[in-house]
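# Descriptive analysis of the structure
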Amino acid sequence: MLAVISDIHSNTKALLAVLADIANRGADKIVCLGDVVGYGPEPKECLDLVRGNAAVTLMGNHDFAVLFEPSKFNVGAEAACFWTRLQLEREQDENLRDARWDFLGNLAVKASLPGDKYGLGDMVFLHGSPRRPINEYVFPDDIYNSPAKFQGIFDRIPHLCFVGHTHVPGVFTETPDYYSPDELEGVFEVDPARKALINVGSVGQPRDRDNRACYVMVEDGAVRFIRVPYDVDAVVREVGAIPELDEFLGTRLKDGR
Ligand code: ZN
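Residues numbered from 1 in each chain as written. Predicted model: local features only at pLDDT ≥ 70, side-chain atom pairs only at ≥ 80, totals over all residues. Heavy atoms only, no water.

With that out of the way, let us pick up the overall build of the chain. Of the regular secondary structure elements, the chain holds nine helices and twelve strands. The C-alpha atoms of the chain give a radius of gyration of 17 Å, which matches the 18 Å a tight globule of 257 residues would have. Its C-alpha atoms put the chain at 50 × 35 × 30 Å along the principal axes. A burial count over the chain gives 58% of its 257 residues as buried. For the chain, long-range pairs separated by at least 24 residues make up 72% of all intrachain contacts whose partners lie at least 6 apart in sequence. Accessible area for the chain stands at about 11200 Å²; split by element, carbon and sulfur atoms hold 46% of it. Between the mean site of the 27 positive side-chain charges and the mean site of the 40 negative ones, the chain shows a separation of 2 Å. (Helix = DSSP H or I, 4+ residues; strand = E, 2+ residues; numbered from the N terminus. Rg over C-alpha atoms; globule rule 2.2 N^0.38 Å. Buried < 20%, exposed > 50% of the residue type's maximum accessible area, 1.4 Å probe, protein only. Contact = heavy atoms within 4.5 Å. Areas by Shrake-Rupley, 256 points an atom, 1.4 Å probe, with all protein chains shown as cover. Lys, Arg positive; Asp, Glu negative; His and termini not counted. Charge placed at Lys NZ, Arg CZ, Asp CG, Glu CD.)

This part covers the coordination of the zinc ion. Taken together, the protein donors to the zinc ion comprise Asp-7 (OD), His-9 (NE2), Asp-35 (OD) and His-167 (NE2), at separations of 1.9 to 2.4 Å. Written as a sequence motif, the donor arrangement for the zinc ion is D-x1-H-x25-D-x131-H. Highlighted residues: Asp-7 in the loop between β1 (2-5) and α1 (12-25) and His-167 in the loop between β6 (160-163) and β7 (170-173), separated in sequence by 160 residues. Comparing Asp-7 with His-167, the two get one shared label, buried. (Donors = N, O, S within 2.8 Å, 3.2 Å for Na, K, Ca; no water.)

Each full turn of the α-helix corresponds to 3.6 residues, which orients residues three or four apart in the same direction. Looking at helix α8 (residues 232-240), one finds that the buried residues are Val-232, Ala-234, Val-235, Val-236 and Val-239. Residues of α8 that are buried make contact with α1 and α9 (248-255).

For the rest of this paragraph, the subject is the sheet that holds strand β11 (residues 213-219). On the basis of which strands lie adjacent, the open sheet formed by six strands has the order β3-β2-β1-β11-β12-β9 and mixed pairing. Pairing within the sheet leaves two strands with one partner each, and these edge strands are β3 (56-57) and β9 (187-189). Strand direction decides the pairing type here: β9 and strand β12 (residues 222-228), joined by three bridges, are antiparallel. Counterpart to Val-187 in the pairing with β12 is Arg-224. Seen against the sheet, α1 touches β1, β2 (29-32), β11 and β12 and runs at an angle of roughly 25° to β11. (Pairing = 2+ DSSP bridges. Axes fitted to C-alpha atoms, helices over the stretch in contact; angles between N-to-C directions.)

A separate point is helix α5 (residues 94-105). Along its twelve residues, α5 runs 16 Å from first to last C-alpha, staying within 8% of the 16 Å computed at 1.5 Å per residue. Buried residues along α5 sit against α2 (43-53), β3, α3 (61-67) and α4 (75-89). Near the N-terminus of α5, the side chain that reaches the backbone nitrogen of Asn-95, with its oxygen 3.0 Å away, is that of Asp-93. (Expected span 1.5 Å × (residues − 1). Polar contact = N/O pair within 3.5 Å; in protein donor to acceptor, adjacent residues only side chain to side chain.)

Per the stated rule, a full pass over the model turns up 15 salt bridges. Residue Arg-25 is joined to Asp-21 by a salt bridge in which the shortest nitrogen-to-oxygen separation is 2.8 Å. Residue Arg-25 and its partner Asp-21 are located together in helix α1, separated by four residues, close to a single helical turn. Note on Arg-25: relative accessible area 37%, which makes it partly exposed. Its relative accessible area of 16% is what places Asp-21 among the buried residues. Among the salt bridges present, the one from Arg-100 reaches Asp-48, with a minimum N-O distance of 2.7 Å. Of this pair, Arg-100 sits in helix α5 while Asp-48 sits in helix α2; the two residues are 52 residues apart in sequence, bridging distant segments of the chain. Each of the salt bridges in this network shares a partner with another, and the network as a whole consists of Lys-44, Asp-48, Arg-51, Glu-91 and Arg-100. (Salt bridge = Lys/Arg side-chain N within 4 Å of Asp/Glu carboxyl O.)

Structural data, given as structure tokens:
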């Protein structure tokens, strides 16, 4: 069993709930698609947990922004980015501080894994999209608004591609079509002859109107979407207690938006 997580966004309580659920189900490997930090109240804790638990972690746009410079971020996201950077810089333990920066600085943009162990073809993993791995969003509405976009995306997919970034879970097929986890009743049975782009959703800031943490489990030729409840109100309070973090970054967690 392979667990794929993404967009933790410094939400330790959501991440711990997901890691416990993954351990319960007995996954042998965790891949993290990036955005470990940004938005939320506990960047250091999330970096340490992901470093310690994920076999592969990729670069998200928020990880990139903390390392280098935010671009096209809204005011709240930019402020959270600078605050996150400050937390990492102010770490008193020099080894720990360096280890976290090294981890962020060495995140790969893309990873590939053979899928035969899980009854699947080759799999590729990215944060955003195969065209622009760190920054491009692939939204359900794109099916109607920019079908040409999908040609370029699917040209670059061997069989399955796993992404995050939009915080909206679901499956895109080459038609193009989009299926929400509800439409799939939680399980996508992979067709060996058809490519698919799978958005694994977000652990720490879901935006599909379901406030539970989201991730996927891959096994036996299928991808299962899993939701895990956690103490959302506690995280809303943590965000509220940090003046540099926009209050909306807390309240949005309640509604999953
Ligand atoms: Zn994100």
